[in-house]
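Tertiary structure, described
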Amino acid sequence: PTQLQAVSKRPPVSLEGADGYSPFPPLTGSTSVRFSATHNTSDNPSKPASSNEKLCLIFGTSITEHVKGDMMSKGSRTVVNISQSGANINDIKQLASDFHHENLSSIHKVDKIIVSVGTNDVKFYNCWKRDMRKDIKPKLVSLIKNLQQLFPCAQIHFHTMLPIKLMYKYTADSVHQFNNLLLETCSQNGCFFFDCFSRFLDKRGVLCNQVLFRDSYHLNSAGLKVLCRALKFIVYSNLFNPHPRYSLYNRSYPF
C-alpha cells in the first residue's frame, strides 16, 4: 500500500475511539522536534492499494488533531489527518508544503483537502483596533494559492472557525469577522466553505455550548463527535462547483 509521510511537530499519540475521533491526552509543551510518521492507507498491510484510491487530507490545528483519519476512511477513500497544535495560517501552509515534498508519488491521488484554521490567528486578535482584511486576508489567499499549486486535482474545503468562549469584549466580533472573511475569500478563489458554526452554540444560538468544550476553544469528546460528523460529510459529499456556503443541516449562521 501507499506509504504517506505526514510531517508534524507533535509526536504520535495512541488513538483509540469511535466515530473518527480519539480520546485526547493532556496537552504538553515539550513537542518541538519535527518528525515523519508513516501512515498505511489500508487496514490490511498485505492488501494492495486500489488503483482508484483517493486521498483526503485534513490540515488543521489542535481543534482537529485528535480526529482519527483511518477511522474515517472507507473503501478506496483514505483520510489522512495532518494537524498541528498551535498552527496558524502560515503554519498550515508549511505543513502542506512539507507533505507535498515527502509524498510526491501520491499527490495525484489527493482529490479533496479540508482546512481547519483560524483559532490561533484570532483568539487574541482585537478587530476593534486592527484591520483583519489587511492583516489576515493576504495570508488566506496565499494559503489557497499554495494548496491549489501543490494539489491541482483537489477540491479545497474550509470549515468555519468554531466559536471561542468570550475572553475579551472583542472576541465574538473577531470570530465573526474571520468567518465572514473566510467565506468571502473562498468564494473569490474557487474554494468550498462549510458552515458548521451553529452546531457548537447553545440552544439560544448565542454563546459556546459548554457541553462540547473542555476550555475556551478546545473540544471535549462530545464536541469531537459533532466535529467528526461534520468532517465526514465533507469527506463523502459529492459537490462539483464551489458553493459560497454549504452545511450538513442546510442551516447557515448569520455571521
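Residues numbered from 1 in each chain as written. Predicted model: local features only at pLDDT ≥ 70, side-chain atom pairs only at ≥ 80, totals over all residues. Heavy atoms only, no water.

As a further point, take the overall build of the protein chain. In terms of regular secondary structure, the protein chain is built from seven helices and seven strands. A total of 255 residues make up the protein chain; the buried ones form 52% of that total. In the protein chain, of all internal contacts separated by at least 6 residues, the share reaching a separation of at least 24 is 75%. (Helix = DSSP H or I, 4+ residues; strand = E, 2+ residues; numbered from the N terminus. Buried < 20%, exposed > 50% of the residue type's maximum accessible area, 1.4 Å probe, protein only. Contact = heavy atoms within 4.5 Å.)

What follows is about the pairing of strand E4 (residues 77–83). Within E4, seven of the seven residues are buried, leaving the element largely enclosed by the surrounding structure. With burial as the criterion, each face of E4 is covered, one bearing Arg77, Val79, Asn81 and Ser83 and the other bearing Thr78, Val80 and Ile82.

Let us now look at the sheet that holds strand E6 (residues 155–159). Spatially, five strands are ordered E4-E3-E5-E6-E7 in an open sheet, and the strand pairing comes out parallel. Looking along the sheet, the strands with just one partner apiece sit at the ends: E4 and strand E7 (192–194). Between one strand and the next, the sheet's axes are offset by a mean angle of 20°, whatever the strand orientation. The strands touched by helix H2 (residues 89–102) are strand E3 (54–60), E4 and strand E5 (110–115); relative to E3, the strand with the most contacts, the crossing angle is about 145°. Contacts from helix H6 (residues 171–188) reach E6 and E7, with the element oriented near 150° to E7. (Pairing = 2+ DSSP bridges. Axes fitted to C-alpha atoms, helices over the stretch in contact; angles between N-to-C directions.)

This part is about the pattern of salt bridges. Taken as a whole and assessed by the stated rule, the structure comprises six salt bridges. For Glu184, the salt bridge goes to Lys137, with nearest N and O atoms at 2.6 Å. Of this pair, Glu184 sits in helix H6 while Lys137 sits in helix H5 (residues 137–150); the two residues are 47 residues apart in sequence, bridging distant segments of the chain. Each member of the salt-bridge network shares a partner with another, and the members are Arg133, Lys137 and Glu184. (Salt bridge = Lys/Arg side-chain N within 4 Å of Asp/Glu carboxyl O.)

An α-helix turns once every 3.6 residues. As a result, residues three or four positions apart point the same way. In this model, H5 (14 residues) spans 20 Å end to end at C-alpha, consistent with the 20 Å of a helix rising 1.5 Å per residue. Listing the buried residues of H5 in full gives Lys137, Leu140, Leu143, Ile144, Asn146, Leu147 and Leu150. Considering only its buried residues, H5 is in contact with E3, H2, E5, helix H4 (132–135), E6 and H6. (Expected span 1.5 Å × (residues − 1).)

What follows is about a nonpolar patch on the surface. Together, Leu166, Val206 and Leu207 give the surface a local cluster of nonpolar side chains, amounting to about 260 Å² of exposed area. Relative accessible area serves as the criterion here: at 47%, Leu166 is assigned to the partly exposed category. (Patch = residues over 30% accessible without salt bridge, like charges linked within 9 Å, V, L, I, M, F, W, Y side chains within 5 Å. Areas by Shrake-Rupley, 256 points an atom, 1.4 Å probe, with all protein chains shown as cover.)

This part is about the layout of surface pockets. Considering only enclosed or pocket space, the second largest pocket measures out at about 190 Å³ in volume. Looking at side-chain class alone, the lining of the second largest pocket contains eleven nonpolar, two polar and one charged residues. (1 Å grid on protein atoms, 1.4 Å probe; cavity = no way out; pocket = protein on both sides within 12 Å on 5 of 7 lines; lining within 4 Å. Points joined across faces, edges and corners; volume = space filled by probe spheres on them. Nonpolar A, V, L, I, M, F, W, Y, C, P; charged D, E, K, R; others polar.)

Time to look at the pairing of E3. Among the seven residues in E3, six count as buried, and that is most of the element. Pairing of E3 with E4, which is carried by seven bridges, proceeds in the parallel orientation. In the sheet register, Phe59 faces E4, and the bridge partner there is Ile82.

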